Amino acid sequence: MITHERLAEAVASQARLKSTDEALRAVRVTVAAVAHRLDMPRRRRLREALPGPEQDAAYAIVPPAGDAYAELLPEIARNLSTTPERAGLLARTVLSELAEEDQELGRELRTWLPAEYGELLRKS
């Protein structure tokens, strides 16, 4: 299981962010957006795989979003006040880091999410 500190440092370094606080914000926004697209059992599994401070980002009691993958990056961009292109880099950094650190979770995410999400689970 990836640690809070390791996740923050890896995302900050790979995405060239100024601080681990920025990285953690990107982690939380990305995790929340992805969790919103999962059903409840899968959200719980995602929460279990995350470091303690990031677990709340995967908590959602609303029905899964029915929107397409095309809406994911604009949603992340809005919540991070950045461009969809930058949101894509941040989401890929966060999700690929999680998938690399917890390979079982990575396999599960690849199974749970539509194929177009696969690009976000690979390091660029």
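Residues numbered from 1 in each chain as written. Predicted model: local features only at pLDDT ≥ 70, side-chain atom pairs only at ≥ 80, totals over all residues. Heavy atoms only, no water.

**Q** Sorry, what's going on with the overall build of the protein chain here?
**A** Scanning the protein chain from N- to C-terminus turns up six helices and zero strands. Taken over the C-alpha trace, the protein chain has a radius of gyration of 13 Å; the compact-globule value for 124 residues is 14 Å, and the two agree within 12%. Counting only C-alpha atoms and orienting by the principal axes, one finds that the protein chain spans roughly 35 × 30 × 25 Å. Looking at the protein chain residue by residue over its 124 residues, the buried ones come to 49%. Summarising the internal contacts of the protein chain: among those between residues at least 6 apart in sequence, 66% fall at separations of at least 24. Surface exposure of the protein chain reaches about 6400 Å², of which carbon and sulfur atoms provide 50%. Measuring between centres, the 18 positive side-chain charges of the protein chain sit 2 Å from its 20 negative side-chain charges. (Helix = DSSP H or I, 4+ residues; strand = E, 2+ residues; numbered from the N terminus. Rg over C-alpha atoms; globule rule 2.2 N^0.38 Å. Buried < 20%, exposed > 50% of the residue type's maximum accessible area, 1.4 Å probe, protein only. Contact = heavy atoms within 4.5 Å. Areas by Shrake-Rupley, 256 points an atom, 1.4 Å probe, with all protein chains shown as cover. Lys, Arg positive; Asp, Glu negative; His and termini not counted. Charge placed at Lys NZ, Arg CZ, Asp CG, Glu CD.)

**Q** Help me out: how do you make sense of the packing of helix α4 (residues 72–80) against helix α5 (residues 84–101) in this one?
**A** To describe two helices that pack against each other, one gives the angle between their axes and the distance between the axes. As a packed pair, α4 and α5 sit with axes 8 Å apart at the nearest point and diverge in direction by 100°. With respect to α5, the axis of α4 lies roughly perpendicular. Only Pro84, Ala87, Gly88, Leu90 and Ala91 of α5 make contact with α4, whose side of the interface consists of Leu73, Ile76, Ala77 and Leu80. (Axes fitted to C-alpha atoms, helices over the stretch in contact; angles between N-to-C directions. Parallel < 35°, antiparallel > 145°, perpendicular 65-115°, else oblique.)

**Q** Is there a simple way to think about the side chain of Thr30 in this case?
**A** In this structure, Thr30 sits in helix α2 (residues 20–35). What makes Thr30 buried here is its relative accessible area of 0%. One polar contact links the side chain of Thr30 to the main-chain carbonyl oxygen of Ala26, over a distance of 2.8 Å. Sequence-distant contacts of Thr30, that is, excluding residues within four places in its chain, are made with Ile76, Ala91, Val94 and Leu95. (Polar contact = N/O pair within 3.5 Å; in protein donor to acceptor, adjacent residues only side chain to side chain.)

**Q** Explanation requested: the packing of α2 against α4 in the structure shown.
**A** It is at 10 Å that the axes of α2 and α4 come closest, and there the two elements cross at 140°. In this structure, α2 crosses over α4, and the sense of that crossing is right-handed. Touching Arg25, Ala26, Val29, Thr30, Ala33 and Val34 of α2 are Leu72, Glu75, Ile76, Asn79 and Leu80, all from α4. Of the residues belonging to the contact of α2 with α4, the class tally is seven nonpolar, two polar and two charged. (Left-handed = near helix turned anticlockwise from the far one by under 90°. Nonpolar A, V, L, I, M, F, W, Y, C, P; charged D, E, K, R; others polar.)

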